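# Structural characterization, general
Spelled out from the first residue to the last, the chains are:
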Protein chains: 2
Amino acid sequence: MSTNAKETILAAARKTAQAHGYGGLSYRDLAADVGIKAASIYHHFASKADLGAAVARRYWEDIAVELDTMLETTGDPMECLRRYPGTFRRSLEDGNRLCLCSFMSAEYANLPEAVQRETQGFADVNIAWLAKVLEMAGAVKPKESEARARAIFAAVSGAQLYARSRSDVAEFDRLIESYRASGLLPA
Amino acid sequence: MSTNAKETILAAARKTAQAHGYGGLSYRDLAADVGIKAASIYHHFASKADLGAAVARRYWEDIAVELDTMLETTGDPMECLRRYPGTFRRSLEDGNRLCLCSFMSAEYANLPEAVQRETQGFADVNIAWLAKVLEMAGAVKPKESEARARAIFAAVSGAQLYARSRSDVAEFDRLIESYRASGLLPA
DNA sequence: TCCAGCCTACCGAACGTTAGGCAGGCAAAA
DNA sequence: TTTTGCCTGCCTAACGTTCGGTAGGCTGGA
């Protein structure tokens, strides 16, 4: 368990936080998941706030890589926009989990400052990427790409939240389809 | 304190839950807010699950009245659609609070079953009202009004969530404006 | 007399966190 | 080559606090 225990903790904490939030993250349960004792986590993270911030940071670092890779491999901005909601869909498929950023936005008032800061990183990465891709695709006027990117990110987050409350991934698909039909997302 | 203590508890619990969620709702803090002792709450609600369900139920009952009143007094479905996001805006203005339904959708996996059920009521009321008003306004084809209503509700919820994470009501306004510009909301 | 409404005084469980120790590996000193 | 000492990674055991919830008693008005 010694090799990469820190990484194992980060991954387990992320999964739990996506299902039960920062508040629902318990050192005892997390340790049991990983196969060590609660106190041992302090060898890797100084406090729960530190752990939470590390989880959130790793979360947006991972999505940044994933989005950039998608754009590189397809080379097609329009195809990227079509695939974008899929990153949110996957959380729902994986145990009806939520985007970590959405969960922490809800819990915002309860979060240590460091966690709040890292939470925003995820949204920033998504919006910057969307704005770039929207512009590349010529889907909106350059002046409006940033605003539209924010709108898409917020709307897709909301769709995930609603679908989760119904425990129904198909509901997410229907909402995305409505976003396309209305013009929010390029069809 | 005796007269309407139950109502006072409900109102205080709703405000706290909109800021800190169902999990952040503490009997001791709630009692202190209301001016009684924690144990006394059990005279009015049999358990925390009961209290949570009552709060959620009252929440969607109130919004149902508010929306119907809006439609009656203006008599103008288009004006109603313009005003609709205002109900979400007001929570943000009031201490950066979230829609109770959004918070509980995030906490979904941690909620007692009775609370889960009442949580959905809020979304149902909003969507039914939106579908009716969209149809009255002739904004979408009758066949599509239900789907569009769901899309609007989810998107506005997402906008509120995002604006909350920035503690910035203006961000909410900008998102709603983008929804209008893109065609999701009638302009 | 009865009961609604609130109280005091607890309970067991869970929380994040700390103190202190033990085993093993690696590296410099003898 | 052996000894010494430090460091990593994990442990047990407990800390004080907060949690939802319970038992039982007091009080004032109908």
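Residues numbered from 1 in each chain as written. Chains lettered and ligands numbered in written order. Predicted model: local features only at pLDDT ≥ 70, side-chain atom pairs only at ≥ 80, totals over all residues.

In terms of regular secondary structure, chain A is built from nine helices and zero strands. The linear arrangement of helices and strands in chain A, starting from the amino end, is α-α-α-α-α-α-α-α-α. Compactness check: chain A gives a C-alpha radius of gyration of 18 Å against a globular reference of 16 Å for 187 residues, within 12% of the reference. With respect to the three principal axes, the spread of C-alpha positions in chain A is 55 × 30 × 30 Å. (Helix = DSSP H or I, 4+ residues; strand = E, 2+ residues; numbered from the N terminus. Rg over C-alpha atoms; globule rule 2.2 N^0.38 Å.)

Residue and element names in this part refer to chain B. Closest axis-to-axis distance for the helix α5 (residues 85–93)/helix α9 (residues 169–182) pair is 10 Å, and the angle between their directions is 165°. It follows that α5 is roughly antiparallel to α9 by the angle criterion. Judged by the sense of rotation from one axis to the other, the crossing of α5 with α9 is right-handed. On α9, the residues touching Pro85, Arg89, Leu92 and Glu93 of α5 are Val169, Phe172 and Ile176. Across the contact of α5 with α9, the residue classes tally to five nonpolar, no polar and two charged. (Axes fitted to C-alpha atoms, helices over the stretch in contact; angles between N-to-C directions. Parallel < 35°, antiparallel > 145°, perpendicular 65-115°, else oblique. Left-handed = near helix turned anticlockwise from the far one by under 90°. Contact = placed C-beta atoms within 7 Å. Nonpolar A, V, L, I, M, F, W, Y, C, P; charged D, E, K, R; others polar.)

Across the contact, 37 residues belong to chain A and 37 residues belong to chain B. Mapped by element, the contributors of at least two residues to the side of chain A that touches chain B are α1 (5–20), α6 (100–106), α7 (113–137), α8 (145–165) and α9 (169–182) of chain A. It is α8 of chain A that contributes the most residues to the side of chain A that touches chain B, 13 residues altogether. In the side of chain A that touches chain B, the residues fall into 17 nonpolar, 15 polar and five charged.

Quick look at the UniProt feature "DNA-binding region" (unreviewed entry) in chain A now. Those places that UniProt annotates as "DNA-binding region" (unreviewed entry) correspond, in this numbering, to residues 26–45 of chain A. Annotated as 40% helix and 0% strand, the span residues 26–45 of chain A places its first and last C-alpha atoms 14 Å apart. (UniProt positions renumbered as here; feature names shortened; annotations may be inferred.)

This part is about α1 of chain A. Residue and element names in this part refer to chain A. With 16 residues, α1 ought to run about 22 Å at 1.5 Å a step, and its terminal C-alpha atoms sit 22 Å apart, in line with that. Taken together, the buried positions of α1 are Ile9, Leu10, Ala13, Ala17, Gln18, Ala19 and His20. Looking at the buried residues of α1, the elements they touch are α2 (27–34), α3 (48–74), α5 (85–93) and α6. Gly21 lies just past α1 and shows a positive phi near 80°. (Expected span 1.5 Å × (residues − 1). Buried ≥ 20, exposed ≤ 12 C-beta atoms within 10 Å, placed from the backbone.)

Attention now moves to the protein's contact with DNA strand D. Contacts to DNA strand D come from 18 residues, most closely from Lys37 and Ala39 of chain A together with Ser26, Ala39 and Lys48 of chain B. For the surface near DNA strand D, the class distribution of residues is nine nonpolar, five polar and four charged. (Near = placed C-beta within 6 Å.)

To continue, consider the protein's contact with DNA strand C. In the vicinity of DNA strand C there are 18 residues, among which Ser26 and Ala39 of chain A together with Ile36, Lys37 and Ala39 of chain B approach most closely. Sort the elements by how many residues they give to the surface near DNA strand C and α2 of chain A lands first, with three residues.

Here Arg166 of chain A shows up in the loop between α8 and α9. Once the C-alpha coordinates of Arg166 of chain A and Asp62 of chain A are considered, the two residues, 104 residues apart in sequence, prove to be 27 Å apart.

Superposing chain A onto chain B takes a rotation of 180° plus a shift of 0.0 Å along the axis, which leaves an RMSD of 0.0 Å. What we have between these two chains is a two-fold relation. In this assembly, 100% of the residues forming the interface of chain A have copies in chain B that are likewise at the interface, indicating an isologous arrangement. (Least-squares fit on C-alpha atoms with pLDDT ≥ 70 in both.)

The next subject is the packing of α1 of chain A against α2 of chain A. Residues and elements named next belong to chain A. Two elements in contact, α1 and α2, have axes whose closest approach is 10 Å; the angle formed by their N-to-C orientations is 125°. As summarised for this structure, α1 and α2 are arranged oblique, according to the angle between their axes. Relative to α2, α1 is oriented so that their crossing is right-handed. Here α1 contributes Thr8, Ile9, Ala12, Ala13 and Thr16 to the contact with α2, which in turn contributes Leu30, Asp33 and Val34. Looking at the contact of α1 with α2, its residues break down into five nonpolar, two polar and one charged.

Turning our eyes to something else, we now look at the environment of Ser178 of chain A. Within the secondary structure, Ser178 of chain A sits in helix α9. For the pair formed by Ser178 of chain A and Phe45 of chain A, sequence separation is 133 residues and the distance between their alpha carbons is 43 Å.

Okay, unusual backbone geometry next. When glycine is set aside, most residues are seen to have a negative phi, and most peptide bonds are trans. Residues and elements named next belong to chain B. Look at Asn96: it is not a glycine, yet its phi comes out positive at around 55°. Within the secondary structure, Asn96 is located in the loop between α5 and α6 (100–106). Its 18 C-beta neighbours within 10 Å are what place Asn96 among the partly exposed residues. Phi angles above zero are rare outside glycine, and Ser167 is one such case at about 50°.

With 14 residues, α9 of chain A extends 20 Å from end C-alpha to end C-alpha; this agrees with the ideal 20 Å at 1.5 Å per step. Among all positions in α9 of chain A, only Phe172, Leu175, Ile176, Ser178, Tyr179 and Ser182 of chain A are buried. The buried side chains of α9 of chain A occupy one side of the element, clustering within an arc of 155° when seen end-on. Its buried side turned inward, α9 of chain A meets α5 and α8 of chain A together with α8 (145–165) of chain B. (Arc of directions from axis to C-beta.)

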